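This is what each chain is made of:
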Amino acid sequence: MNGQLGPDEEPKVADLLRGNAEARTFLRAVAEQAVVVADVERLDQHKPQPAKVVTPVFRPWKWAVAAAAAFVLLSAFVIATTPPRHTAKVSAILGPCQYIAADGKKRDEVKVGTLLRVGDTIRTRSSSAWVKLDLNSGSLMTIAGRSRLRLLNVDGRRGFQLANGNLWATVAQSAGAKPISIQTPTATVEAKVAQFDVEAASMSSIVRVNSGTANVMRLADGQALDVVADHQAVVSPRRSRPFAMTRQPEPVNEWSCRLIASSEAVFGKWLQPDEKNSVRLGATPLLIGKKNTIYMASFSVQCSSSPPVLIESGSRVRIRGTTRAEGPIYFGITTQRIKGVFFGKYTAKIEPGTLGQAGEPWQVEVPLSQFKPKARHLPGSPAGMELTDIWIVSREENAELEIHSVKFLPREVGQ
Amino acid sequence: MSQRDRVSAAAWLVVRNAHTAEDIFQNVALKAMTKGVQFESVGALMSWAIITARREGIDWLRRQKNAPICLDNTILELLEQEWADEAAAGDIRGQALRDCLEDLPAKSRDLLKRRYFDGHACEAVAEQLGVRLDAIYKRLSRLHQALKKCIEIKLEQPAS
């Protein structure tokens, strides 16, 4: 409680507090006791002294005039200072999403036109889902994948909390529009006019600015820096990690996920190595709606510290894994414009015949041409876009889907 | 626990200073009044107040040198949600805690005063009292547990 944990202790304490309600109850009790002790001591040191009572002379007309004047002044002040309400309207949506009102009421069906107010939360619940929000005054935001965004009441700003996931924001200049402030578990990102994206996880946030400027503050120590166009910043909760603006690297055309080496880059459950595979990532169940569970593993390009990956017309996705029961699985990719906004999702269905005998390891290579757009407005191919993430999904629990290797390969020479 | 104590406690978790936490509570209350914000429920009001207190706390930390480590946002959010839920459920531990503090022996209350009212770090308190740092940590931990237990007992007793 002195705020003097060692670097080894910090993550342990954080894990304990995240996972143990009793530990949190105790911490809250300590905080309450600290402020009440101070309050009681303050009161003891300022015991009220007996005061001399003077009876005022009551003059009703003076009170009436004063009350009327105060009312007029107060009304004028309230009208002049009340800013337009901070809201966000759902302008496009795809896939399983959830709306959680400020009072905790949940709605699993979110429609275009839904208005989010301060305190409301919107979640995209599966890798294939995304939601576009219109923030008034020409500003837009998109969240995709497994993301959770809440509208906050932040003084002088349009506040958001991105608890986890991916967000793309275009903050337009507009008369009277307040800057946008996005809180992640490790950073606060503020911008007046900018186009940027944020990938937030519990142990890091990656902010990439494509135009304009965003101010990024590291919550661990309050350090802040302005990230300008074509630059990025990685924000860790550890003070020992460097916190600086760096130029966004040039795109490459291939990517090999290093799995364990970049544990923040994956979603799934690590399994014990066996004789055949030293690295095994099991698909994790995801409840995406009422009585609807999928089993998913996903891999983020940005979180793996890779340069941006350019999708070419002949690119291929090669994945190794196993499934214990016969049934289709689905490969998916999320795409965004190079140095730009969210573009769309593409998926490919892998038939059981391609996977061979259940229980045996498989390696499947899917050319880009087999990926189909998840929305009507998208072109048939995402060639020319940037790869954000790759995911693999099974609908069957008994498939026990596990992944051993994920590669995004360039087009073959001569293609 | 009164709403005021909860908001102050949430701020204290960020700034670890009871007087600053009290200042933050005052600022939050002022904002609620001057901005004329309206809420549909006590839970929504508390949620807003606690988040605003956190924001103010972080702003305060930014202005400090050698500021304490701020807890991860996800943890603060969990704690804040639990506070807001308690507030919505009408939890009334505040007076019980004050009664329990009154019942404490003078020595224990002095220790709490040095740590939380005077704002001394545990090392400084250990030096002032001429005891080992470990002993201060243990005493404080026992005191916190004892107060928590005392509150539970008081709340279980039927109202007289």
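Our structure's up above, just so we're on the same page.
Residues numbered from 1 in each chain as written. Chains lettered and ligands numbered in written order. Predicted model: local features only at pLDDT ≥ 70, side-chain atom pairs only at ≥ 80, totals over all residues.

S.K.: Any chance you could explain the interface of chain B and chain A here in plain terms?
M.R.: Accessible area lost when the parts come together is the quantity often used to give the size of an interface. Counting from both sides, the interface comprises 49 residues of chain B and, opposite them, 40 residues of chain A. Those elements giving two or more residues to the side of chain B that touches chain A turn out to be α1 (3–15), α2 (18–34), α3 (42–62), α4 (73–88), α5 (94–103), α6 (106–117) and α8 (133–156) of chain B. For the side of chain B that touches chain A, the element with the most residues is α3 of chain B, which contributes 10 residues. (Contact = placed C-beta atoms within 7 Å. Helix = DSSP H or I, 4+ residues; strand = E, 2+ residues; numbered from the N terminus.)

S.K.: Before we go on, may I ask you to explain unusual backbone geometry in this structure?
M.R.: A negative phi holds for most residues other than glycine; trans holds for most peptide bonds. Although it is not a glycine, Lys339 of chain A adopts a positive phi angle of roughly 50°. By the C-beta count within 10 Å, which is 17 here, Lys339 of chain A ends up partly exposed. One non-glycine residue, Arg16 of chain B, lies in positive phi territory at about 55°. Of the residues examined, Arg16 of chain B has 23 C-beta atoms within 10 Å and is grouped as buried. (Buried ≥ 20, exposed ≤ 12 C-beta atoms within 10 Å, placed from the backbone.)

S.K.: Honestly, the packing of α1 of chain B against α2 of chain B in this entry has me stumped. Any pointers?
M.R.: Packed helix pairs are specified by the crossing angle of their axes together with the interaxial distance, meaning the distance between the axes. Residue and element names in this part refer to chain B. Viewed as axis vectors pointing N to C, α1 and α2 meet at an angle of 125°, and their least axial separation amounts to 8 Å. Between α1 and α2, the angle is such that the two are oblique. In this structure, α1 meets α2 at a crossing whose hand is right-handed. In this structure, α1 contributes Arg4, Val7, Ser8, Ala11, Trp12 and Val15 to the contact, and α2 contributes Ala18, Thr20, Ala21, Glu22, Ile24, Phe25 and Val28. Taken together, the residues of the contact of α1 with α2 sort by class into 9 nonpolar, 2 polar and 2 charged. (Axes fitted to C-alpha atoms, helices over the stretch in contact; angles between N-to-C directions. Parallel < 35°, antiparallel > 145°, perpendicular 65-115°, else oblique. Left-handed = near helix turned anticlockwise from the far one by under 90°. Nonpolar A, V, L, I, M, F, W, Y, C, P; charged D, E, K, R; others polar.)

S.K.: What is the right way to look at α6 of chain B in this model?
M.R.: What sets the pattern is the α-helix's 3.6 residues per turn: residues three or four places apart point alike. Residues Leu111, Leu112, Arg115, Tyr116 and Phe117 of chain B constitute the buried set of α6 of chain B. A positive phi of about 75° marks Gly119 of chain B, the residue just after α6 of chain B.

S.K.: Before we go on, may I ask you to explain the nonpolar core in this structure?
M.R.: One broad rule of soluble globular proteins: the nonpolar side chains tend to lie buried together. Counting residues in each nonpolar core, the largest one holds 139 residues, and the members touching the most others are Val207, Ala297 and Ile392 of chain A together with Ala11 and Trp12 of chain B. Residue contributions to this core peak at 11 residues, all from α3 of chain B. What Ala11 of chain B contacts, discounting residues up to four positions off in sequence, is Ala21, Ile24, Phe25, Ala53, Glu56 and Gly57 of chain B. (Core = buried A, V, L, I, M, F, W, Y, C linked by C-beta atoms within 7 Å.)

S.K.: Looking at this model, I keep getting lost on the packing of α6 of chain B against α8 of chain B. Mind explaining?
M.R.: All names here are of chain B. At a minimum axis distance of 11 Å, the contact between α6 and α8 shows a crossing angle of 105°. Judged by the angle between their axes, α6 and α8 are roughly perpendicular. Here Ser108, Leu111, Leu112 and Arg115 of α6 lie close against α8, whose contacting residues are Arg139, Leu140 and Leu143. Here the residues of the contact of α6 with α8 are counted per class, giving 4 nonpolar, 1 polar and 2 charged.

S.K.: So what exactly am I meant to see when it comes to the pairing of strand β22 (residues 316–322) of chain A here?
M.R.: When a strand is regular, its side chains alternate between the sheet's two faces. All names here are of chain A. Looking at chain direction, β22 and strand β25 (residues 362–367) are connected through 6 bridges and run antiparallel. Among the inter-strand pairings, Arg318 is bridged to a residue of β25, identified as Glu365. Sheet topology note: the β22/strand β28 (residues 402–409) ladder contains 7 bridges and is antiparallel. Within β28, the position partnered with Arg320 by the bridge is Ser405. (Pairing = 2+ DSSP bridges.)

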